[in-house]
Structures are given as C-alpha cells and as structure tokens.
Amino acid sequence: MAERPLLLLLEATSATRGKKGGGGGGPAKLGAARQQERLGLRLHELETAFESRRVLFQTAASGLVPEDVLVLETAGTVDQFIKAVSRIEGFEFLAEYDEQDIPPDEDFFTDEDGSHVGYTGRVYMVFSNQDAFRQLLRLWQLWQSGGTFERGYTKWRDVFSLLRDIRPWGVKDRLEETGVLTDWNERVQLGADVVHCEIELWFRTNEQRRLAAAQVVRARVQDLGGSVISEGVIAGIHYHGLAVQLPIQAVQQVLNTQTRDQVQLVQSEQIQFFRAAGQMAVRERGETRSLSSVLAGPAPEGEPRVALLDGLPLQNHRALANRLVIDDPDGFEADYRVDARQHGTAMASLIIWGDLNETTRTPIPHPLYVRPIMRPVVFPDWMQQEAFERVPDGVLVVDLVHRAVRRLFEPEGDSAPAAPKVAIVNFSMGILDRPFLGIMSPLARLLDWLSWRYNTLFVVSAGNHLHPVETGKPWSELEVLSSASLATVLVQSLAADTRNRRTLSPAEAMNALTVGALHADADTSVQTSRRLDPLPVGYPSPLNAHGLGYRRSIKPELLVPGGRLQFDRPVLNRDTRLRPVRVAAAPGMEVAAPGTMAGDVAHTAKSRGTSNAAAMLSRIGAFLAPVVHELRQGAGGNALAAVSDAVIIKALLVHGVRWGELGPAIQSHFGTNQDADELIEQLTRLLGFGPLDIADITDIAECSATRVTAIGAGVLAADSGAEHRFPLPPSLSGKRGWRRLAITLAWFTPVNPLSHKWRKAHLWFEAPKSKLKVSRIGPDWQTGQRGTLQHDTFEGESAAAFVDGEDIVVRVSCREDAPGLEGTIPYAVAVTLEVGEDLGIDIYTEVRERVRQRLQVRAAGAP
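Residues numbered from 1 in each chain as written. Predicted model: local features only at pLDDT ≥ 70, side-chain atom pairs only at ≥ 80, totals over all residues. Heavy atoms only, no water.

A. Here's a closer look at the environment of L396. In this fold, L396 is placed in the loop between β17 (388–390) and α11 (397–409). Looking at L396, the relative accessible area reads 4%, which means it is buried. Residues L396 and V244 lie 152 residues apart in sequence; the distance between their C-alpha atoms is 9.6 Å. If near-sequence neighbours (up to four positions away) are discounted, L396 is found in contact with E198, S230, E231, G232, Y239, G241, L242 and A243. (Helix = DSSP H or I, 4+ residues; strand = E, 2+ residues; numbered from the N terminus. Buried < 20%, exposed > 50% of the residue type's maximum accessible area, 1.4 Å probe, protein only. Contact = heavy atoms within 4.5 Å.)

Below you can see the structure in the form of structure tokens.
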C-alpha cells in the first residue's frame, strides 16, 4: 500500500437510545409492589413506609447514614435471602435490585456435611421514616422472644426465619468488615508497642457536624493514651479519615471480647470503620547483575504523558538517567537510602524500556514523571533484615494520593501544575490487608473520582498473592504427572482458592484499568532442579489476584506479561502445598536495580508480578499517546475534539485483547459437567476480557491489509445515543474464511457517593446486527457491561453475503445509573475487522476509501 496504514476515524450520527435487552444487558427489575393490606394500627408507620417506598434496600454500605440504617445478617447467601423474600406477598418490591449487586454463590461455603461455615451475609435497609425504623426493630425483638404476632403479620415470621440478626449499625460492623482485628492480632503476636490504624468516620456534609464528630473521636483516642497523627477530608467521595496511633494495651482490650464493650472508642457512633493502617509495602530481594548490553535510544522530548506514583527510583541509573522528572514536594528523598530504591526503579525501568531481557528495546518518547509516595523502612544491622519500602506510618494513603494527583493538574501557590499533559497514572501497588470483599475501598473511590475530575486513566495492578497453593496432592504424586495434568491441578487449586485471592485495593476502581499478569517474560534462563514451573508460558500467573470487581464488574480487565513464577520443590514428599519462589531470581523480567555498592548504577535484577504487568501496560499507553495526537491532526480529527486522550487510550489499550486460544486451554482444565454459566464466570475471573500480547501492539497502533481499525468518539447525555458506521469491504462478500470483529467502548463515569450503585453513567452498545455471520466469544455480555468498559469479540468462518454500501452499525447509548447524572459523558469506541491472510483480500484499502468518501461528502456539504 502506498500509505502507512493508520487507524481510521469514524464519525457519529445521533440516534435514539437503544432498548435494553437481547445483547444490551440492563439491570433486571423484578415485579412491582402490590398494595399491602391494612393490618392494624400498632405498626401503621412500618406499613406506610413500605407502601410509599420510603424503605430502600441495598447490598453494600455505600452512602449509608447510621441513624437511618438497619443491618440484616442473613442465615445463607444474600441472593438466597432476596429470592426467598421476593416470594412473600407484599415484599416483591424488595427484589427490585440490580442483579449484578448480588454476590456470587462462591462467597458462601459449606463443610462436607453441608453445614454453614463462618458466613454472615449483610443486607441493609435504609429508612427515611424513623418510626418505621423503630417498629421493625420492635417486631424483630417480638419474634426473638417468642411473642405472638398480630393477625396478618405471619409473613414477617417467614422473613425473620431467614435472618440471624436485625440491628442498628454497631461495633461488629466497625470492626469485622475490614480485617482490622486480624491485623491487630498479628501485631500483638509480633510484640508491637504501638499500633497504627485508620479510622473512617461517617461523612457529614455539614462542616460543623463533621468537626464535632472528629473532636469526639480525638478525645476518645487520647483517653486510651493514643494520638491522632493526621486527618483527611475529601468531600467528592464523602471521605473523612483519621490516621491514629494506639498503645498495644488499648488494642488488646478491643481484641478481648470480654472487655471490648468497655472501650468507648469502638462504641463511637461517629465511626463507620476501623481499618488496618493499609500501608502499601513492597520488598524486592535477590541477586543483581550488571547490564549485559548498552541501552541506547532517542532522548525523551516534550512533557510527560505517564506519571508513576511509587517509590523513589535511582535517578542516575544508566537505564533511567535523563529520562525522569522527579517531583518530591514531601522531601522523601532526604533519607531514602540508595539500596532501598527497589520498586520505583524497577517500575520506571519497565515503563521506559520494557523487559530488559528483550534484545531490541525502544524507550518511551516522553520523559516519565515520578512522584514518590513511599519511604524506606531501614532495620539496624544486627537485625539482618533488608530495607523495604512503604507508605509512612501516620500518613493517610487516600490523602497522599489525592494531593499527588491534584498537583499534576492544578497550580499550588505560585507553582504551575506539575505535569498537566499526563494521560496515564501508573499505580503498581496494592494494600495487602484490603482485599475486595464487596465494599469499595476509600482509595478505589478516590481513583474513580480523580479519573473523572481530571480526565486521567489510572492503570492499577490487580495485586499479588504469594501464599502457598494447596493442591490436595502430595509431591510424590505431583512429580510423576504429565505437564498437562500438573497444569490442571494448579489451575483448579487456584480457582478453588479464589476467596483468598481477591483483588487488592484500589484494583476495584471502576474508572481504572486493572491489570493481571501473564506467566510470561523474555528470560532464557534454564530452570533449576530445585524449582518447579507447573504452568505453560502465557497462562494467567499463579500469583494473580482474581475478580470480579464492584457490582460484579470484570476485574482485572486484561492480562499482560508480568514474569514467570516458579515454585520451590517441597522438602517432604508428603507435602501438598506448593510454595512460590519469593526471591528475585531467574526466570523473570529483567529490570534496573540499585547495586550493592555506592555508585553502582548499572545493575539489574529479576522481577515478576502484577506490578510489572501494570507498568508494561502503561508503557504501551505511552506509545499510543503520539498515535492519538496524530489522529487529532489528520482529516476528520475534529471528531475527537470533545474526548480526552485518556479515554481514547483506554479504549485502544483493551481493544487488542481476546480470550483466543487461552480460553479453551484454561477451560480444558475444568470438568465437562460444570454448569455453562458458572464456567464462563470462572474463566472471566481468571482471564478478564483476555490477554494482551505485547508483541502484537502494532495490531492496535497500525492496520494491515487484512486488519483495519477505526476509532470514533463523542459525548452523550442521559437517554441519548449515537451511531457509528463501519463500512463493510465488498470483496469479503460471499467469501468463506476466518474473520473477527472486535468492538470496544470506553468512558469515565462521574460517581455518586450516596448511592451503592456508585456509577452515575452507564454507556453500552448492543451487538451489531451485521451480515458477517460471526458469534460472540469471551465473557458473558451482561458481566461485560457492569464497569466503564465494554469489549466484545465476534468470530466466524461462514460465507456472508452483502452489497457494497452496507455497514456495521455500532449504536452507543447512555443512561443514568446512580442518581444525579448531569451534562454529557465523553466516550471512545474502537472497531476492528480482521480476516485470514489466506483470503487474499486487502480490506484496509476498501474500508479506508469508503470512510474517506463519506468524510469528503460531509465536508462538501458543510456550511
């Protein structure tokens, strides 16, 4: 072809909003409320509240106010409770929920004898009528005491029989939903003198009430001999937090159930949650070696397009020198030991150069902005422990990240914004003691809010789980298995342990791209006899955190190479647990690293994990930024004017993923008798929308004769829609052979912190009705619409007949999800059609010419 095959631009035409259903996938609504029979006067307030819908029902604690909420502890799974209640006359309206809000059944576990194991589901009833609130409690207490119900109220006995408790928000909710008790127990066992924790207060919109609440909690902390180190308030996400230090004696009082009720602090109605300190910590250890080759490439130009929030890199390392913009307003560098600058150095190296095992490397075109948000923890020499990096004690992570991102885009005093052209913020860290358990963490809420406020894409690592894998088989059995059988054992073991391998905060953020790792790298090292590599290259990494995300959205969305993880062979043949290698030894991705001696600036180390995968995806985004700029400058580029680079890059980063051969490969490790829907969900937890092959990034940035990609964009208000038309290449008509259609829709949503739905804007496209004769492959279409990204892939081989001038029509629609959607929502949509090379058709030229003709007609008819 005479011209370099660039991405094409699709213009949009307005259209009415599409109806949900078929391939659309909206939230299910069950039934309408029936008029309840008037059943006496004593509980008239309760009946009135139910009839007038002044009672809300939700499965998450988002947006609650403690004086208006009752906590219902279910005796079974939450969905079992909801389904049972919906069958009771007069309570059908309680089932008017988004079915995506209901936790999956795998959250509920039983022993072999069928008995319940440690499960307490929570459902929340929110009342706007305090009399109804009190009357429902009174009725529950009557049932508990064995009292006689008035005639007509027997239906309440059916509801209460499904519950363990109904109670106001209390100590259990403040302590048991967050894992703080586990953290405190561990610190007591380690002999700590003081314990750092975070207290999250109920957010009060009235400033005076907010100040008064904080003062009460401060006084009670001081009464225990503790202190409040810092305070953070972010109204946009209704966050109010205190970083607190407590003496170990006070913590022991709380851990002791006999003395807990005597501690006024945990009784404080101003407090929503106690949380563990939640400090992100990373530790890299292992051998380093000198760079095997010279790193040469063009010098970076212009302003940063990617920001890294992490540890402080070794700025003068040969891989990083003159390629970083370090911004350290908190002065962390002053006591940041060089040998402790591990994680930031590694992530900066991966973003700039990729895996240093590769023989050919190209640096990103712009400098990398770095804001250190961790400091080293250095132990005395006699302790013989290596330094590691973490967010400092007494610092609220939410407040620190808020200040760091705001500084990128807003002036501070006389200083201009630090890096206003940044489109991607890389966040390769997770809070190990905050796995996602259905309640969105404050940090995830913050990233969502910042993403919308500043039109910025956060690329977040899903999180690493390096605890042993329980296989249920002794090593003496495992070592004689074939490679395929060994992979089956490991995949099944990891899937069975999903509840202990959840994504780590802030990976559940809806506006972010969450990245899992592929078991892949470019290392050619030979496996040692004392280590085991039980998975084929290109499988999901065994250290991955698993989805799903908030409201059962797809998390992580995609998998990117993150380095291979091996396991140590057990000492005892009867051991059934495989322990991951925890040292930074080969194989793995090769990254820049500090040396062992002062002045060492040419060392590398091996690394693996979802942090690496996130950094690699940010690297790809850095190369897409110039592509987007080129599109804006070309013919028809004004179609992108209303949409930020970040939204377009978000769509393009995911556009190349698909389950491909990996889907059937993983599926083969599960039994054929498994329910089809459960199997698809299991695969979605492990694969997301699919893996991204780094080597095929040209699939996104450029087209070819057999592959053509077009990008469209626009803005939509609630209850509006737009159509994007992709011309079909006439030469494909009637031809039998493989073809693939991929469609990706991306946007950022504003958020409503008062609603458990959280996401204000829901955009979607319906499966296009085209004559290509292709079928959807990959995740369930409903699951794929629960976040801020929809990615569908269709494949087929049958001959399809159509005439020149026919189009693939992608209808994008917008509706309000959580209340309060105002204005318009910018979005980007990418469409790719690819055919087998054996067809011998130049579809790029045919589609390009038809797109150009339409642009010329539009220009000629313009006023």
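From this point, the narrative continues.
B. Representation of the pattern of salt bridges in the model. Considering all chains together, one arrives at 40 salt bridges under this definition. Here R390 ties to D393 by a salt bridge, and the two come within 3.1 Å at their closest N and O atoms. Residue class for D393 comes out partly exposed when judged on its relative accessible area of 40%. When salt bridges with common partners are traced through the structure, they connect E73, D165, R167, K172 and D173 into a single cluster. (Salt bridge = Lys/Arg side-chain N within 4 Å of Asp/Glu carboxyl O.)

C. Quick peek at the sheet that holds strand β14 (residues 324–326). Taken together, the seven strands give an open sheet; going across it, the order is β14-β15-β13-β18-β20-β23-β25, and neighbouring strands pair in parallel fashion. In this open sheet, the two edge strands, each paired with only one partner strand, are β14 and β25 (558–561). Mean inter-strand twist for the sheet, computed between neighbouring axes without regard to direction, equals 30°. Relative to β25, strand β23 (residues 513–518) runs parallel, the two sharing four bridges. (Pairing = 2+ DSSP bridges. Axes fitted to C-alpha atoms, helices over the stretch in contact; angles between N-to-C directions.)

D. How the structure looks around the nonpolar core. The biggest cluster of nonpolar side chains holds 103 residues, and the ones touching the most others in it are L368 and L617. Considering each element in turn, this core owes the most residues, 12 residues, to helix α15 (residues 610–633). If we skip the residues at most four places from it in the chain, L368 touches V306, L308, R323, L324, V325, A348, I351 and I352. (Core = buried A, V, L, I, M, F, W, Y, C linked by side-chain atoms within 4.5 Å.)

E. Main features of helix α16 (residues 645–655). By the criterion of burial, α16 is predominantly enclosed, with 10 of the 11 residues buried. The set of residues buried in α16 consists of A646, V647, I648, I649, K650, A651, L652, L653, V654 and H655.

F. Main features of unusual backbone geometry. Omega for the bond connecting G547 with L548 falls within 30 degrees of zero, at 15°, which places this linkage in the cis form. By the element assignment, L548 lies in the loop between β24 (531–532) and β25. With an omega of 0°, the peptide bond running from A586 to P587 counts as cis. Mapping P587 onto the fold places it in the loop between β27 (577–580) and β28 (589–593). Despite not being glycine, H238 has its phi angle at roughly 55°, a positive value. Relative to the elements of secondary structure, H238 occurs in the loop between β8 (227–234) and β9 (239–247). Exposure remark for H238: the relative accessible area of 18% places this residue in the buried category.

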